[in-house]
Amino acid sequence: MSQAYDRGTVEDFGRWREFSAGMWAWIFHKFTGWVLVGYLFTHIAVLSTATGGAELYTGTLQGLEALLVVRFLEIGLLAVAVFHILNGIRLLFVDLGFGLDQQDRSFYASLVLTGAIVVASVPTFLGGKFL
Amino acid sequence: MSTQIETKETEDEEIEEQSPGERRREIKRQRAENRAKRVEAELDEAEQTRRLKVFRYDPEVEGKEEPRFDDFIVPFHKGMTILDALIYARDHYDSSLTFRHSCRQAVCGSDALFINGKQRLGCKTQVGDLEDPIRIEPLPHQDVVKDLVVDMEHFYDQMHAVEPFFDPDETPDGELEEQRQTPENREYVKMATRCIWCGACMSSCNIAAGDNEYLGPAAINKAYRFAMDEREGENRKQERLRIIEQEHGVWRCQTQFSCTEVCPKDIPLTEHIQELKREAVKNNLKFW
C-alpha cells in the first residue's frame with residue numbers, strides 16, 4: 001500500500017529480530033531455492049565439459065576439487081539442499097493440512113536435522129585436505 | 001470538582017476586567033495546572049511507572065506533519081492494559097492523542113495496534129507483559145489518518161469482496177421457520193465465526209503488503225465461514241469458491257503463518273486458507 005510519508009523501519013527487513021518461525025522458514029526456503037537454481041547453471045556448465053572428451057571432464061573436476069574453497073562451497077550446497085528438502089516436506093504437510101499447529105516446531109526440527117547432516121558430512125567433503 | 005465553587009467566586013470578582021475569552025483561558029490554565037499536580041501525585045504514589053513511546057502524526061496541523069514519537073510516563077497498576085495506558089496518557093497529558101477504542105474487551109476490534117513490533121489489541125495486551133519502553137505504532141501497511149488511527153477502507157473493501165453474509169440457495173417453507181445447523185457443522189466453522197474485523201492479520205501479512213488485490217487472511221476466513229456452512233447449498237458454495245480461487249484469492253498465501261500468530265481471537269487462519277486451497281483443487285479435479 002502506498003505510504004503518504006516515510007514510516008521508517010516499520011515494515012522492512014530491519015525488523016528481522018521480530019520475525020516468527022513461519023516467516024524465517026519462508027525466507028530460508030526462498031533463499032535456498034534461489035541458491036539451488038543458481039547452482040543448477042554451474043552444475044550444467046561443469047558437466048558440459050564432458051562433451052569435450054573424458055580427459056577434459058576429469059581434469060576439470062580434479063582441478064575444482066583441488067581448491068579448498070570448492071570443498072567449502074560443497075558443504076554449503078549440501079546445507080542448502082538438505083534444508084530445502086526438509087522444509088519442502090514440512091510445506092507438503094502444511095498443504096495437506098497436517099500439524100499446522102506444530103509448524104514452528106517442524107521448522108526448528110528441519111533446521112536441527114540440517115545442521116546434524118551438514119556436520120556429519122564435513123569429514124567426507126574435506127577428506128584429503130586436512131585429514 | 002470541589003474547586004468549582006471557588007473558581008466561580010474568582011470569576012465574579014474579576015468580571016469587570018476580564019473578557020469572556022480571557023476568563024475561559026484562565027479556567028483552562030488552572031485546570032491544566034491541577035491536572036499536572038494530580039499526575040505528579042499519582043506518579044509519586046504509584047509503585048511502578050512505565051514509559052510509552054507513541055507514534056504521533058497529524059497531516060492537518062502545522063508542525064505535526066512529520067511523524068515523531070512522544071514519550072508518556074504512566075503509573076502502572078496490576079491488570080493495566082495498553083489501552084488503559086493510552087487513555088491515561090490522553091486524559092492526563094495530551095488530549096490530542098488519537099486512537100480508536102470502544103468496548104475495551106476485545107470484542108469490537110477497534111484498537112488493533114502495532115505494539116512492541118507485533119500487531120495486538122490494545123485492550124487485550126497487558127502492560128505487565130511487555131518490556132519498557134512500550135513502543136506503540138499504528139498498524140503497518142495501512143495509511144495513517146492521525147496518530148494511531150489508520151485508514152481501514154481497503155480492509156473493509158476486501159471483506160465485502162467475499163460477500164460476507166449468509167445466503168442460502170433455499171429458504172424453509174414456513175415463514176418464520178428456523179434454519180438449523182447441525183452441531184457438528186457449527187463446531188466446524190466455530191473458530192472462523194470469531195473474527196472481529198480488527199485488521200491485525202491483514203497488517204501482519206507480507207503478501208497483502210505487496211499485493212493490494214490479495215483478499216487477505218480476514219476476508220478468506222470470512223469466505224471459509226460461509227463456504228463451509230452446510231445450510232447454504234451447492235450453488236452458493238460454487239459461487240463462493242469462484243471468488244476465493246481467483247488469482248488474488250487463496251493462492252497468494254505462502255504460509256508464513258504471520259496472520260495466525262497475531263490473531264487476537266486465535267483463529268487458525270492459515271489452516272482455513274489451506275483448507276480452501278484443497279477445496280478449490282478438489283472442486284476443479286476432473287477424472288474423465
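Since the model is a prediction, treat every value here as computed from it, not as a measurement.

## Digging into the overall build of chain B
Along chain B, the regular secondary structure elements total 11 helices and 7 strands. Taking 288 residues into account, the globule formula puts the C-alpha radius of gyration at 19 Å, and chain B, at 25 Å, lies well above it.

## Here's the deal with the domain arrangement of chain B
Accessible area lost upon the coming together of the parts is a frequently used measure of interface size. Residues and elements named next belong to chain B. You can read the domains of chain B as domain 1 (1-42), domain 2 (46-149) and domain 3 (152-284). Here the C-alpha centre of domain 3 lies 30 Å away from the C-alpha centre of domain 2. Facing the 14 residues of domain 2 at the interface are 11 residues of domain 3. The biggest single contributor to the side of domain 2 that touches domain 3 is strand β4 (residues 118-121), with 4 residues. Taken together, the residues of the side of domain 2 that touches domain 3 sort by class into 7 nonpolar, 4 polar and 3 charged.

## Observations concerning the sheet that holds β4(B)
All names here are of chain B. If you walk across this open sheet you meet the 5 strands as β2-β1-β5-β3-β4, and the pairing is mixed. For this open sheet the edge positions go to β2 (68-76) and β4, each flanked by a neighbour on one side alone. Going across the sheet, the axis of each strand differs from the next one's by a mean of 35 degrees, ignoring polarity. Pairing geometry for strand β3 (residues 112-115) and strand β5 (residues 134-137), over 2 bridges, is antiparallel. Each bridged residue has a counterpart across the sheet, and for F114 the counterpart in β5 is E137.

## As for the interface of chain B and chain A
The partner chain A presents 19 residues to the 23 residues of chain B that form the contact. Here the element with the most residues in the side of chain B that touches chain A is helix α11 (residues 269-284) of chain B; it accounts for 5 residues. By residue class, the composition of the side of chain B that touches chain A is 5 nonpolar, 11 polar and 7 charged.

## Quick look at unusual backbone geometry
Residues and elements named next belong to chain B. For the bond from D132 to P133, the omega torsion is -15 degrees, close enough to zero to count as cis. Relative to the assigned elements, P133 resides in the loop between β4 and β5. Positive phi, normally seen in glycine, also occurs at R104, with a value near 65 degrees. When you line up the elements, R104 lands in the loop between α3 (82-92) and β3. The backbone phi angle of H141 is positive, close to 65 degrees, even though this residue is not glycine. Along the polypeptide, H141 turns up in the loop between β5 and β6 (144-146). What makes H141 buried here is the crowd of 24 C-beta atoms within 10 Å.

## Re helix α2 (residues 54-66) of chain A
Taking 1.5 Å per residue, 13 residues should reach 18 Å; α2(A) reaches 18 Å between its end C-alpha atoms and fits that length. Summarising burial for α2(A): 0 of the 13 residues are buried, a small minority.

## Notes on the packing of helix α1 (residues 21-48) of chain A against helix α3 (residues 68-96) of chain A
Residue and element names in this part refer to chain A. One way to put it is that α1 packs onto α3 with a least axis distance of 9 Å and a crossing angle of 125 degrees. By the angle class used here, α1 and α3 are oblique. Crossing angle aside, the handedness with which α1 passes α3 is left-handed. For the pair α1 and α3, the contacting residues are A25, F28, H29, T32, G33, V35, L36 and Y39 in the first and L77, V80, A81, F83, H84 and N87 in the second.

## Brief notes about the pairing of β3(B)
Each regular strand shows side chains that alternate between the opposite faces of the sheet. Residues and elements named next belong to chain B. In the sheet, β3 pairs with β4 via 4 bridges, with the strands oriented antiparallel. Across the sheet, F114 pairs through a bridge with Q119, a residue of β4. Hairpin geometry of β3 and β4 is characterised by an intervening segment of 2 residues between the two adjacent antiparallel strands and by a positive phi of about 45 degrees at N116.

## Some points on the pairing of strand β1 (residues 48-56) of chain B
Relative to β2(B), β1(B) runs antiparallel, the two sharing 9 bridges. If you follow B:R56 over to β2(B), its bridge partner there is B:R68.

## Thoughts on the nonpolar core
Residues and elements named next belong to chain B. By size, the foremost hydrophobic cluster in this structure holds 57 residues, and its most contacted members are I136, C201, I220 and A223. The dominant element in this core, judged by the number of residues it contributes, is helix α8 (residues 217-227), at 7 residues. In this structure, this core is formed jointly by two domains, domain 2 (46-149) and domain 3 (152-284), each of which donates at least three residues.

## Re the environment of B:F114
All names here are of chain B. Within the fold, F114 resides in strand β3. Judged by local crowding, F114 falls into the buried class, with 25 C-beta atoms found within 10 Å. The spatial distance from the C-alpha of F114 to the C-alpha of A200 is 8.5 Å, given a sequence separation of 86 residues. Not counting the four nearest positions on each side in its chain, F114 is found in contact with Q119, E137, P138, L139 and P140.

The rules behind these values
Residues numbered from 1 in each chain as written. Chains lettered and ligands numbered in written order. Predicted model: local features only at pLDDT ≥ 70, side-chain atom pairs only at ≥ 80, totals over all residues. Helix = DSSP H or I, 4+ residues; strand = E, 2+ residues; numbered from the N terminus. Rg over C-alpha atoms; globule rule 2.2 N^0.38 Å. Domains from an automatic or database assignment. Contact = placed C-beta atoms within 7 Å. Nonpolar A, V, L, I, M, F, W, Y, C, P; charged D, E, K, R; others polar. Pairing = 2+ DSSP bridges. Axes fitted to C-alpha atoms, helices over the stretch in contact; angles between N-to-C directions. Buried ≥ 20, exposed ≤ 12 C-beta atoms within 10 Å, placed from the backbone. Expected span 1.5 Å × (residues − 1). Parallel < 35°, antiparallel > 145°, perpendicular 65-115°, else oblique. Left-handed = near helix turned anticlockwise from the far one by under 90°. Core = buried A, V, L, I, M, F, W, Y, C linked by C-beta atoms within 7 Å.

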